[in-house]
Amino acid sequence: MAVQVFDFGISLFEHLFDPKKRLFIGYLIAALGIAFFWLLISKKLTIRLALRKIFDRKVFFSTSSRADFKVFLINRAFTLFISPLLLTQLVVATFIFNLLLKVDWGTWSFALAPSKAVVVASFTFCVFVLDDFTKYIVHRWMHKWPLLWSLHKVHHSASHLTPITIYRTHPLEGILFSLRSAFTQGISIAVFFYLFGNQVDLFTVLGANVLVFVFNVAGSNLRHSHIGIQYWRWLEYILISPAQHQLHHSIATEHYDKNFGATLALWDWLFGSLHHSIETEGLALGVEDDTSEAAHGLYALYVLPLVEMANYLTKKTKELKAAIWRVAHRLRWRAKPGLKNRIKSSS
Ligand SMILES: [Zn+2]
Ligand SMILES: [Zn+2]
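The structure presented is a predicted model; accordingly, all values stated were derived computationally and were not measured.

What counts, and where the lines are drawn
Residue numbers here run from 1 along each chain, matching the order of that chain's written sequence. Each chain gets a letter, beginning with A, and each ligand a number, beginning with 1, in the order they are written. Given that this is a predicted model, residues contribute local features only at a pLDDT of at least 70 and side-chain atom pairs are listed and counted only at 80 or more, while totals for whole chains, interfaces and linings are drawn from all residues. For our purposes the nonpolar core covers buried Ala, Val, Leu, Ile, Met, Phe, Trp, Tyr and Cys residues that link as a set through C-beta atoms within 7 Å. Between the buried cut of 20 or more and the exposed cut of 12 or fewer other C-beta atoms within 10 Å of a residue's own C-beta lies the partly exposed class, and all C-beta atoms are placed from the backbone. Helix and strand definitions here come from DSSP, where helices need a minimum of 4 consecutive H or I residues and strands a minimum of 2 consecutive E residues; each element is numbered from the N-terminal end. Whether two residues are in contact depends on their C-beta atoms, placed from the backbone: they are in contact if these lie within 7 Å. Here the limits of each domain have been adopted from an automatic or database domain assignment. For this classification, the nonpolar set comprises Ala, Val, Leu, Ile, Met, Phe, Trp, Tyr, Cys and Pro, the charged set comprises Asp, Glu, Lys and Arg, and every other residue, Gly included, is treated as polar.

## Observations regarding the nonpolar core
Thought 1: If you look at the biggest cluster of nonpolar residues, it comprises 15 residues, and the most contacted ones within it are Ala93, Val119, Phe123, Ile189, Phe192 and Val212.
Thought 2: A per-element tally of this core places helix 7 (residues 116-144) first, with five residues.
Thought 3: Not counting residues within four places of it along the chain, the set of residues in contact with valine 119 comprises Pro114, Phe196, Gln199 and Val200.
Thought 4: Residues Tyr27, Ala31, Ala35 and Leu39 belong to the second largest nonpolar core, which totals 11 residues.

Here's what the structure looks like:
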């Protein structure tokens, strides 16, 4: 037991001191600096007012934010327990790599010999882009498919956003995203190793993919915050601004199913879900059908999604049974005249 408690403590500690994690202290300080200067320069606030705005007690001590913190702690404990059972990128990579070795490409030749720098740069870029694209796809599914929306609603039930809100997710959504990551990274690793062998490497800064590092230093944590930084209109076609993600959390129906992108807004632009940012001051956040205090309770965050999923599956099973019964009934009626004819001709 003592070992588990120690591991749990380490895993919490890691979040603040590992540059591969979103809540790395360096990224939080960078976000703080960006928010501070944006309020000073763009919003013309005084230093005192800017600091008061950033450290708004109404946001950080809200029922919603306290629930975020509880979910963060519970989910870390759950991850510690479940992660040894999950599929890793190494398993996926090994499987696909072995599959590629068995394929007979015929006259096709992959005799590419780019320099190590080109291989490392393309691998770093491809991993980042593919990872971001699959995040977009899975996030879109989470909104469009009622079964997954029951889970994703947990993230959207937050009525205030803080950097910890990114971890306000149902554990099943966490598993789904971890599988997505294993597949995406596993496929990239296998294909690149197959093509370029030992030349493959990731361009990292403090152990993190350089592009992820840059994105995080550029204030990724402000997407889940009350600081509504807007980018230039042209840039919001390429990168998701903090205000664009805050709009994704808006309760207003005109903002539903907009801005699914994690880092790149390109996917939203390409697939018609882009919405440019608006002034987010006073924007109501949450889920329309549940804005009560109960939405931040452990029952709503952990159990209710499972109940809703079970209800949905029961309803769909009933509909499927009814559809099968209708088809079978129609076939029986059609089969009857044929049967009659056969009886007549044999007599
Ligand atoms: Zn969402
Ligand atoms: Zn969010």
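## Here's the deal with the environment of glutamine 89
Thought 1: Looking at the secondary structure, you find glutamine 89 in helix 6 (residues 89-102).
Thought 2: Note: C-alpha distance between glutamine 89 and isoleucine 189 (100 residues apart in sequence) is 8.4 Å.
Thought 3: Ignoring anything within four residues of it in the chain, the contact list for glutamine 89 reads Ser181, Ala182, Gln185, Gly186 and Ile189.

## Quick word on the domain arrangement of the protein chain
Thought 1: The domains assigned to the protein chain are domain 1 (2-296) and domain 2 (300-347).
Thought 2: If you list the elements that add at least two residues to the side of domain 1 that touches domain 2, you get helix 5 (63-82) and helix 8 (146-156).
Thought 3: Residue contributions to the side of domain 1 that touches domain 2 peak at six residues, all from helix 8.
Thought 4: A per-class count over the side of domain 1 that touches domain 2 returns eight nonpolar, four polar and one charged.

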